[in-house]
Structure formats: structure tokens, C-alpha cells
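Spelled out, the chains give:
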Amino acid sequence: MAAHLSYGRVNLNILREAARKELREFLDKCAGSKAIVWDEYLTGPFGLIAQYSLLKEHEVEKMFTLKSGRLPAADVKNIIFFVRPRLELMDIIAENIISEDKMHSPRDFHILFVPRRSMLCEQRLKEQGVLASFINIEEYILDLIPYDGDLLSMEYESAFRECYLENDQTSLYHTAKGLMTLQALYGTIPQIYGKGECARHVANMMLRMKREFAGSQNQILPVFDTLLLLDRNVDLLTPLATQLTYEGLIDEVYGITNGYVKLPPEKFAQKKQGEASKDLPTEPKKLQLNSAEELYAEIRDKNFNAVGAALSKKAKIISAAFEERHNAKTVGEIKQFVSQLPHMQAARSSLANHTSIAELIKDITTSEAFFDNLTVEQEFMTGVETDKVNTYIEDSIAQKDPLIKILRLVSMQSVCNNGLKQKVFDYYRREILQTYGYEHILTLNNLEKAGLLKLQSNSRNNYPTIRKTLKLWMEDANEQNPNDISYVYSGYAPLSIRLTQVLARPGWRSIEEVLKMLPGPHFEERQQLPAGLHKKRQQGENRTTLVFFLGGVSYAEIAALRFLSQMEDSGMEYIIATTKLLNGTTWIKSLMDRPEAQTS
């Protein structure tokens, strides 16, 4: 099932197996038949670790979503609550248990907190008078979840908000713990580099945890050579821009959640010859997206303008393969053709799916609205008229376009101009509040606090210097056969990935001045390896760097890192880890104070 996790330089299946083993051990503690009551948010991440078949093997007979009121009827001995440590969820659990007690059903209750137990939650259960009903109260440490052969995410949705708005460092503690788990499985990472306040905190916590476990040195040959910790607020610009890779656009348009995307069903309806198409499906088409699918692995990181050519090339190859059947004359040849048939049919179905998705996205990317929006973004990135009110933003507000689109553009203008002039700032603020409602004043304050919207101070705008020094804008980016990471945004090279690229060669010393202009400290730490565990590098063997984005990362940035891994002369392979996979919309939404009130 998870073979694609072990194809890469680092076998991430080891991490998945460790998580599965812990889950099995917990389930076996609760002897007898079981029903699991899920906190809905956890079902997606858990699906990447364990399918229903694994739960079934351990006597899980029923699964329910956590809802207030009574629990659904289930003839089982154990009821296990899988929940995040949130107070509002404790109230629902208490309600469930009290209604069960009234029914006098002899059940055993258990609770599994993910990723940590919480004293506050246990206190709340005690106040509700149900704490004593639980036989097992445990925690299941699900920090880093393998999403693909080179990608790990904590799916900690509020990490950026907690760090930058609420000054809450819980997510950083979970990150440090997750990295310690990783080192226990893959060996100590000898070099740590970082940029930003949060990166500094995580590194400090890791080093402290290592000192506390000084006695238990792990004797594993290190798999990673370097860890790079990057704060999201070092590069606020990249997630705001519209991603232009195939995977990035699928996420921008439809949203990818836990490796799945839901698409409009009518595009995927199987029409038979001569049949009326009145019975179109109404359920969204749900597709899993990862490198286990050969075609997807091939096209996911391409600029969308190069996807059409790749799909038609693939269609020709598949047609030719099916034509081979006419050449199969002997029994042996026919047998060989038949043995390849399942693989060929899977490839044909995969091609049909991705051709449909590409058509859906092309309808959007060829629209005037998409082009106008992109033009404004690229003007901001190249520093064109960033210091006055933008007429496109003005018109978009007047037409009451979705608020998140407006917030993304205004934030982008602010970031590219190192803040907005008082007059411009006040104008946007007034227009947004008058058009979309005064309740959004809280959201605007949050964006200010996070540094996305700010007033220009007297200090000069450093963005042009950063852009020139790091070559963040490349004219005539080659979208078809890229030679630089800027292809992922058709011209703009993500700042976060440029920093990663420069660190590998020639090193951060060459850009000291620029690093000082970006927020937060930059640092380097070394971790001592036990004797005999120093890697002997073979001639031509690549180094492996784990890049950890604190506060989230976009699919376009992931594509840019994969591009660097594949470059002939880079000598470096990258594994990507993050607190959350995000795009500009989900990121801004996480900073809104009433996202459900946003006008769509």
C-alpha cells in the first residue's frame, strides 16, 4: 500500500511502520470488540498511517464521528475516543458518556489524545463528572506524517497563527519532539542551520532534549547530513502568489486535503455510446494524489503550461502499447501482452483522469480574470507601482470579489513594498470594511500582527535589494524545460527555496547582508555523533538535507525543492517537512477571525 514511501533516498516507510506499531499496541490494550469515535479532523491524517483493514484486524467493528447527543448503537465492549486535546471536544465526550450511563450499557470507555495528553482536558472531564468512566487515558504521538516519498507534514493547521498571533509555542515543541523521533529512527543529524525566531526555539529545544537523553545515544548511521529550519515569516511573499505548477494549481482551485482532491463529478462521468447523459453523478469525484501513480509523479511538479504536451506524449505511448497486441503472434508473446494489460489499463485510466483535471484547470487559467490577477501579482513582485492604490484591487473590491482574493493581493503589495503608505493603507482598510462588513476589522488586525499588512516605517524598502541579490525574478523563465526554480511561478523564484539553494552552494556567508534584512536570527549548530558513525561518502554520492518549514509550505515550493534534487550538479537531495501544507487561501483563512463569514 505505501510502497511509494520507500522509493526515495530516505525510506519514510520506517516512520509509518513505527506509528502503526504504536497504534496496534494501544488497540490491543482494549481487549474485546471496539468502536472508535473519531474527532473528524483526525480521520484524514490517520488514513495515511492505517487503513480500516488494520483496525479491523484488531477487533474494531464500528466507527463513528464525534457528535453531541447520544452515541449510535453498537454492540461492542469498548468505546475508544480518538481526539485532539480541545476543551470543546471534552464537553461532547461528556455528553456522550452521560447519555450512555443513562442507558445502563456496560461498556468500557477509553480516550486517546492526539498528539498529546492535556491536563486541562482531563480537568474538564473531571468537572463534567466523567473522568472516572475511562479505563485507559493515553496519548498517541502523531507528529510527522509521511505524505509522500520525500514529504512529511504535521498537519498542524493553527501552527502559524499560534506562533505569530497568539505567541503560543506549542507547535514548536511538537516540531522538536517530531524531529527527535525522526533522529531516533534515522540517526542524529550532524548539522543544523536555521533562519528565524521559531527556528531558533526549535533548535534550542532539540539540543536540550538531546542533552536530557545523553545516556541513550542511538547507534544509527545518520541518513540526513543537514537539517535546515526555516520560519514561514522569513518569506511571507511566496504562499501569497498563485502557484503555477500542476499540483499547485489543483490545490489553489480545488484544495488538496490529506493527499486527496474532490473534483466536479460531471467531468468524470462514463458516457456509453448512444446513452443519454441525464444520470450524471452528483457526488464529487475523490482522487488520491501521490507518487504511487506513475503519471502524476511525472507531471505534478511541471509548470501547468508544460502539462498538455506531457499528457499528449503519454497518450501516444499508451496507444502504441495497446497496438502491440496486433503484433503478438506466438503464445509466448500473447501471454506477455496479457501480463502487461493491468498496468496498461491503469495507465490509461490515470491518463483519462489527469486529462480531465487539466481541462478543468485550463478553463480557469485561460480566463481573463485569472490572467488579470496574475498580471497584478507579477507587477508587485517586480516592484511596479507598489506604493500607490492599485486600480485592479480597487475594482475587485467594488465588484465584491471574494474577500480572501483581496486580502492576498493587498498583503502581497504590502510585503513587496515593505509596508504601505498611511494613505494607501487607510484607503484599503476603509474600502474592505465598508464593502465586506466591519466584523473583518479583527482579520485585518491579525494580518497586521502577522506582518502581512503593515504601515511603511521610515526605514527603506529592502525588497528590491533582496530581489536583485537573490535573483528572485528571472525574465523569460523556461516553463517547458526549466533550468531554474523560478519556473514554478513563471518568473518568480521562491525566496525560501533560494535561501536553501544558496546554503548548499556557495553557503550563507555569501549573502550575510541579505540575511540581516530578513526577520529573525540565522544560526548554525553541530550535533556530536557517537564514534564510528561518521559517514564515509562515496565518490559522487549526494548529501541529504531535511528542510523543515515552520508555519507551512506550498506545493510550488515543494516542486522547486524537487527540481533542485534532480539537478545534475546540485549534489544535494532534499526531503521536505512542514507543520502544514498550505496555499494562500488556506493560509489567510487560518488568520481570519470568522472565516465562515467570508463572502465567497
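Residues numbered from 1 in each chain as written. Predicted model: local features only at pLDDT ≥ 70, side-chain atom pairs only at ≥ 80, totals over all residues. Heavy atoms only, no water.

A. Main features of a negative patch on the surface. Taken together, the side chains of Asp28, Glu59, Glu61 and Asp75 define an acidic patch exposed on the protein surface. Considering the arrangement of structural elements, one finds Asp28 in helix α1 (residues 13-29). (Patch = residues over 30% accessible without salt bridge, like charges linked within 9 Å, V, L, I, M, F, W, Y side chains within 5 Å. Areas by Shrake-Rupley, 256 points an atom, 1.4 Å probe, with all protein chains shown as cover. Salt bridge = Lys/Arg side-chain N within 4 Å of Asp/Glu carboxyl O. Lys, Arg positive; Asp, Glu negative; His and termini not counted. Charge placed at Lys NZ, Arg CZ, Asp CG, Glu CD. Helix = DSSP H or I, 4+ residues; strand = E, 2+ residues; numbered from the N terminus.)

B. A look at helix α12 (residues 331-365). In this model, α12 (35 residues) spans 49 Å end to end at C-alpha, consistent with the 51 Å of a helix rising 1.5 Å per residue. The largest bend in α12 amounts to roughly 40° and is located at Leu341, with the proline Pro342 lying one to four residues further along. For α12, the set of buried residues is Phe337, Met344, Ser350, Leu351, Asn353, His354, Ser356, Ile357, Ala358, Leu360, Ile361 and Thr365. As for α12, its buried residues are in contact with α9 (246-253), β11 (260-263), β12 (285-288), α10 (294-299), α11 (307-323) and α13 (368-381). (Expected span 1.5 Å × (residues − 1). Bend = angle between axes of the 7 residues up to and from the residue. Buried < 20%, exposed > 50% of the residue type's maximum accessible area, 1.4 Å probe, protein only. Contact = heavy atoms within 4.5 Å.)

C. Structural context of the layout of surface pockets. Space inside the second largest pocket adds up to approximately 830 Å³. Taken together, 33 residues make up the lining of the second largest pocket; nearest its centre are Ala297, Glu298, Asp301, Arg562 and Gln566. Residue assignment for the lining of the second largest pocket shows that the elements contributing at least two residues are α10, α11, α21 (555-566) and β15 (572-578). A per-class count over the lining of the second largest pocket returns 12 nonpolar, nine polar and 12 charged. (1 Å grid on protein atoms, 1.4 Å probe; cavity = no way out; pocket = protein on both sides within 12 Å on 5 of 7 lines; lining within 4 Å. Points joined across faces, edges and corners; volume = space filled by probe spheres on them. Nonpolar A, V, L, I, M, F, W, Y, C, P; charged D, E, K, R; others polar.)

D. Fine view of the side chain of Ser411. With respect to the secondary-structure elements, Ser411 resides in helix α15 (residues 403-416). Polar contacts involving the side chain of Ser411 include one to the main-chain carbonyl oxygen of Leu407, which spans 2.7 Å. Those residues within four positions of Ser411 in sequence are excluded, and the remaining contacts are Leu240, Leu447, Leu452, Leu453 and Ile588. (Polar contact = N/O pair within 3.5 Å; in protein donor to acceptor, adjacent residues only side chain to side chain.)

E. Region of the structure containing the packing of aromatic side chains. In total, this model carries 16 aromatic pairs according to the counting rule given. An aromatic cluster of at least three residues, connected via ring pairs, comprises Phe26, Trp38, Phe46, Phe82 and Tyr140. Above the face of the Tyr260 ring, Lys286 is positioned so that its terminal group lies 4.7 Å from the ring centre. It is Arg348 that lies over the ring of Phe322; its NZ or CZ is 4.1 Å from the centre. (Phe/Tyr/Trp six-rings, centres within 6.5 Å; stacked < 30°, edge-to-face > 60°. Lys NZ or Arg CZ within 6 Å of the ring centre and 35° of its normal.)

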